[in-house]
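For reference, the chains in residue letters:
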Amino acid sequence: MSHDNNIGDADAFLVIDVQKGFCPGGALPIPGGDAILTRINALIDEATRAGALVVAASDWRPANHMSFTDQGGPWPRHCVRNETAPRSVAI
């Protein structure tokens, strides 16, 4: 896949909070949440070839996070540190 994004070695490409837990089949799925993965991976490849800095960050939660339903919060248990598959955008 070839794109002209004008990515250079002075640029940074940031991937923020792309996790299996938010994709179909995850604990807190977003419909079509995995549809962006092909494009993100292509941009990572492009940025890497251009010499740009590539940074991926995940917002993991502790097992007893207050936002989980079993702690009185509104969300199911999701994206818990050390309970998910190794972090990789190519999921």
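Just above, that's the structure.
As the structure is a prediction and not an experimental result, all values here were calculated from the model. (Residues numbered from 1 in each chain as written. Predicted model: local features only at pLDDT ≥ 70, side-chain atom pairs only at ≥ 80, totals over all residues. Heavy atoms only, no water.)

## Structural notes on the nonpolar core
Part 1 of the argument: Formed by Phe13, Val15, Val18, Leu37, Ile40, Leu43, Ile44, Ala47 and Ala52, the largest nonpolar core amounts to nine residues.
Part 2 of the argument: For this core, the leading source of residues is helix α1 (residues 37-50), giving five residues.
Part 3 of the argument: Among residues more than four places away in sequence, those in contact with Leu43 are Asn5, Ile7 and Phe13. (Core = buried A, V, L, I, M, F, W, Y, C linked by side-chain atoms within 4.5 Å. Buried < 20%, exposed > 50% of the residue type's maximum accessible area, 1.4 Å probe, protein only. Helix = DSSP H or I, 4+ residues; strand = E, 2+ residues; numbered from the N terminus. Contact = heavy atoms within 4.5 Å.)

## With respect to the pattern of salt bridges
Part 1 of the argument: Evaluated as defined, the whole model comprises one salt bridge.
Part 2 of the argument: With its nearest N and O atoms 3.5 Å apart, the salt bridge here joins Arg61 to Asp59. (Salt bridge = Lys/Arg side-chain N within 4 Å of Asp/Glu carboxyl O.)

## Digging into the pairing of strand β2 (residues 53-57)
Part 1 of the argument: Examined bridge by bridge, strand β1 (residues 12-16) and β2 share five bridges and lie parallel to one another. Following the sheet pairing, Leu14 is matched in β2 by Val55.
Part 2 of the argument: Chirality of the crossover, the property in question, places the unit of β1, α1 and β2 among those that are right-handed. (Pairing = 2+ DSSP bridges. Right-handed = clockwise from strand over helix to strand, strands pointing away.)

## Some thoughts on α1
Since one α-helical turn is 3.6 residues long, residues separated by three or four positions face the same way.
Part 1 of the argument: Counted at 1.5 Å a residue, the expected span for α1 with its 14 residues is 20 Å, and the 20 Å between its end C-alpha atoms agrees.
Part 2 of the argument: Three or more residues of α1 are buried, namely Leu37, Ile40, Ala42, Leu43, Ile44, Glu46 and Ala47.
Part 3 of the argument: The inward-facing, buried residues of α1 abut β1 and β2.
Part 4 of the argument: Just past α1, the residue Gly51 takes up positive phi, approximately 85 degrees. (Expected span 1.5 Å × (residues − 1).)

## Here we look at the environment of Ile40
Part 1 of the argument: Structurally, Ile40 is set in helix α1.
Part 2 of the argument: Among the residues examined, Ile40 registers a relative accessible area of 12% and is labelled buried.
Part 3 of the argument: In this structure, the C-alpha to C-alpha distance between Ile40 and Leu14, residues 26 residues apart in sequence, is 9.8 Å.

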